[in-house]
Amino acid sequence: MRYAYFGRTSTDDAQDPSLSIPRQLTSCETIIRPLGDEITAHYWDIESGRKSLDIRGNGADGSSLNVSVPRNGGINELLRDAAKGHFDAVIVESIDRLSRMTADSTRVEQELEGLGVGLFAADEPMTGNATAILTRRVKQGVAEWYVRDLLEKSRRGMEESVRQGWHPGGPVPYGYQLEPHPHPNPSKAREGKRKHRLIPEPIRAAIVLMIFTDYCIHLLGLSAICDKLNRDLQRYPAPARNPKDENDLPPTWSKSQIQSMLRNPKYTGYNVWNRHDKRKGRPLIRPRTEWIWSPTPTHEAIVPLALSEMVEERANRNTNHPRRPASHTYGQRLTPRAGRLYPLRGRVRCGLCGRRMEGSHQKGKNWYRCRFVYHRGSIAADAAGHPRALGIKEEKIIPYLFDFMGRRLFGPNRLSLLKAELAKSAAADWQEHDDEERKLTQEAEQLQRAIYRQTLRLEEHDDPRHPVIAAATRRIEELGSRHAAVEDALKTIRSQRPTDTHPDEILAMLDAIPDLRPMLRTAAPSELIDIYSAFQISATYDKPRKTLEISATVRPDMLTKDETPTHETTERSGYSYIAGAGFEPATFGL
């Protein structure tokens, strides 16, 4: 029977994948070898078992972690190949390696069962009777309980740490710095670990107090405070830039940073945790009733509590301030703003600050404009070298976008264009890798034939003391040693494949895309939105250089089953990015 092995280990900082993945494989091989079966495919992931199946397979691929086990993919590739009949059964060391969530592991089990592929665990009976299923369900429940119990205890430990005044981790509020202390746990202290408390940083702490005073006492607005700070960045150094906002512009203050500071209760000396909700689709700030507070102040306050409470009072006044009725002298829009379509919404970025540009309707035309000035003010724009007004008409983007898609995605020369780029990028790494693998494979075959020939020489002589027998025996030992070394090298190179998608797979994906050129110029805006979304179209507009760089993504799920590339790859992501440009100078590259 042909088995597929599946293994999983947690993140590389929690376990050692180079030990865990091979150990799990050995456990599985120990069970199936006495039965005369073999493992013909290897799938494994390095990620948390609590992740949903929909987002599994995006962990580390092991190429930099020296995992000796070859990899045909992760959990998603396992299910894909099971549907193709590449193996008869799947074996794992323990059922919790499949997933720590009972619903997900049961879902995989049922999907495999529907395909006629059995799922076995090395620590369970190799049968599918009722008792074995009961044992598995109990183990699945225990695995999920263990994780949830560990999370609950960790959370309670974090809450207690906050109440005792220790910094819970994450960014340090502007105006504070960390003061290290020996870890209270003796064993962790011996390892050199420390815990930290917040202490004011003199220069920036004064800036924080000034911001609160200007907002609450002098009644300055966020824009006025932002401009005041950006006029003298030497005197009022800006906060560290958010990693997602990395660009070449000098750091400046923004209104959102000031607003976040005004709403941060840590400036009053209390330690607060659990304010932010990072779950997708949830409000960024949790309700105050869910925040975890220290019962008393735990660090030196920068802002008096009374001044901090005035922020909430002023914010409420601004929210409840009566608004004057709109003037009737202005013409009303024929359609509501919410009903207007921006086909490239969220797909156009500013080439200077890297932020998404906002859709705007002006004089009957759709525009995409950068919001740098809105968020940071004109003073910040001047200080950072960013134009105060930066926008581009949608009708200017569309012709270049259609031309790019027509040539690079749908046109008859798209494969030759892509091949030229692959020769400069991913193909070079794969060519070197494939050449080395081919060379080792040929050497292994030659050694195998040489060993066979020496074995024939042994059969020609009946006298075990014959000189030919002794020479042939020594030669077989030499060849066998070299053959083992070559096999180890092959196993290593197959497990450490290039991170880029294989060129054959990229070309096959692109070749399978239908020609949509006739549809582009006649499609309705809503249809164009679907097309842009399918190919993850992205455009970056650099106004000073007058360039518009356009890119698209092709993915394996765009292919039908008959069109799926046959090339075996261990690449965890089959995405390929194709780039081009509209304005001169052109910027082509993969």
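As a reminder, the structure under discussion sits directly above these lines.
Quantities reported herein were computed from a predicted structural model and do not represent experimental measurements.

On a plain count of helices and strands, the protein comes out with 18 helices and 15 strands. Across the 590 residues in the protein, those meeting the buried criterion constitute 42%. Summed over all atoms, the accessible surface of the protein reaches about 33,100 Å², with 52% contributed by carbon and sulfur.

Here the focus is the pattern of salt bridges. Once their charged atoms are close, side chains differing in charge can pair, the charge on each being opposite to the other. A complete count under the given rule lists 31 salt bridges for this structure. Salt-bridge contacts for Glu395 lead to Lys393; the nearest nitrogen and oxygen are separated by 3.9 Å. A relative accessible area of 43% means that Glu395 is categorised as partly exposed. Here Arg407 and Asp403 are joined by a salt bridge, their closest N and O atoms 3.0 Å apart. Taken as a pair, Arg407 and Asp403 lie in helix H12 (residues 394–410) at a separation of 4 residues, close to a single helical turn. On the basis of relative accessible area, Asp403 is assigned to the partly exposed category, the value being 36%.

The next thing to look at is the packing of aromatic side chains. Going through the model one piece at a time under the given rule, you end up with 8 aromatic pairs. Geometrically, the ring pair formed by Tyr174 and Trp253 is edge-to-face, given 5.1 Å between the ring centres and 75° between the ring planes. Of this pair, Tyr174 sits in the loop between helix H4 (130–163) and strand S5 (176–182) while Trp253 is found in the loop between helix H7 (222–230) and helix H8 (255–262), placing the two residues 79 residues apart along the sequence. By relative accessible area, Trp253 is classed as buried at 0%. Members of the aromatic cluster, connected to one another through ring pairs, are Tyr176, Phe212 and Tyr267. In this structure, Lys255 is placed above the aromatic ring of Tyr374, and the distance from its NZ or CZ to the ring centre is 4.1 Å.

Let us look at the environment of Gly406. Relative to the assigned elements, Gly406 resides in helix H12. Separated by 114 residues in sequence, Gly406 and Leu520 have C-alpha atoms that sit 8.8 Å apart. When near neighbours in sequence (up to four residues on either side) are disregarded, Gly406 contacts Gly411 and Arg517.

This paragraph deals with the sheet that holds strand S10 (residues 358–362). Ordered by their spatial adjacency, 3 strands build an open sheet running S10-S11-S12, and the pairing between neighbours is antiparallel. Strands with a single pairing partner mark the edges of an open sheet, and in this sheet they are S10 and strand S12 (391–393). For this sheet, the mean inter-axis angle between neighbouring strands, taken without regard to orientation, is 30°. Summarising the sheet, S10 and strand S11 (residues 365–369) pair through 5 bridges and their orientation is antiparallel. The residue of S11 that forms the bridge with His361 is Asn366. H12 contacts S11 and S12 of the sheet and is inclined by roughly 65° relative to S12.

Moving on, we come to the sheet that holds strand S4 (residues 118–121). By definition, the strands of a sheet pair up through backbone hydrogen bonds, in either a parallel or an antiparallel sense. Spatial ordering of the open sheet is given by S2-S1-S3-S4, a layout of 4 strands whose pairing is parallel. If you trace the sheet from one side to the other, it starts and ends with strand S2 (38–46) and S4, each paired once. Between one strand axis and the next, the sheet turns by 25° as a mean value, whatever way the strands run. Pairing of strand S1 (residues 2–9) with strand S3 (residues 89–92) involves 3 bridges; the strand directions are parallel. When the bridges of S3 are listed, Ala4 appears paired with Val90. Strand contacts of helix H1 (residues 17–32): S1, S2 and S3, with the helix running at about 150° to S1, the strand carrying the most contacts.

Definitions and limits used
- Sequence order sets the numbering: in each chain, residues are counted from 1 along the sequence as written.
- Two thresholds apply to this predicted model, a pLDDT of at least 70 for residue-level local features and 80 or more for giving and counting side-chain atom pairs, whereas whole-chain, interface and lining totals are computed over all residues.
- In computing side-chain properties, one takes all heavy atoms of the structure into account and sets aside hydrogens as well as water.
- Helix and strand definitions follow DSSP, with helices as H or I runs of at least four residues and strands as E runs of at least two, each counted in order from the N terminus.
- Throughout, exposure labels follow a simple rule: accessible area from a 1.4 Å probe, protein chains only, divided by the maximum for the residue type, with under 20% read as buried, over 50% as exposed, and the rest as partly exposed.
- Calculation of accessible area relied on Shrake-Rupley with a 1.4 Å probe; when residues are assessed, cover is drawn exclusively from the protein chains displayed.
- Every case where a carboxyl oxygen of Asp or Glu lies within 4 Å of a side-chain nitrogen of Lys or Arg is listed as a salt bridge.
- Pairing of aromatic side chains here covers Phe, Tyr and the six-membered ring of Trp, requires ring centres within 6.5 Å, and sorts the geometry by plane angle: under 30 degrees stacked, over 60 edge-to-face, intermediate tilted.
- Criterion for a charge above a ring: Lys NZ or Arg CZ within 6 Å of the ring centre, and within 35 degrees of the ring normal.
- By definition, residues are in contact when any of their heavy atoms lie within 4.5 Å.
- What makes two strands pair is DSSP finding at least two bridges between them.
- Axis definition: a line fitted to C-alpha atoms, limited for helices to the stretch in contact. Angles are taken between N-to-C directions and run from 0 to 180 degrees.

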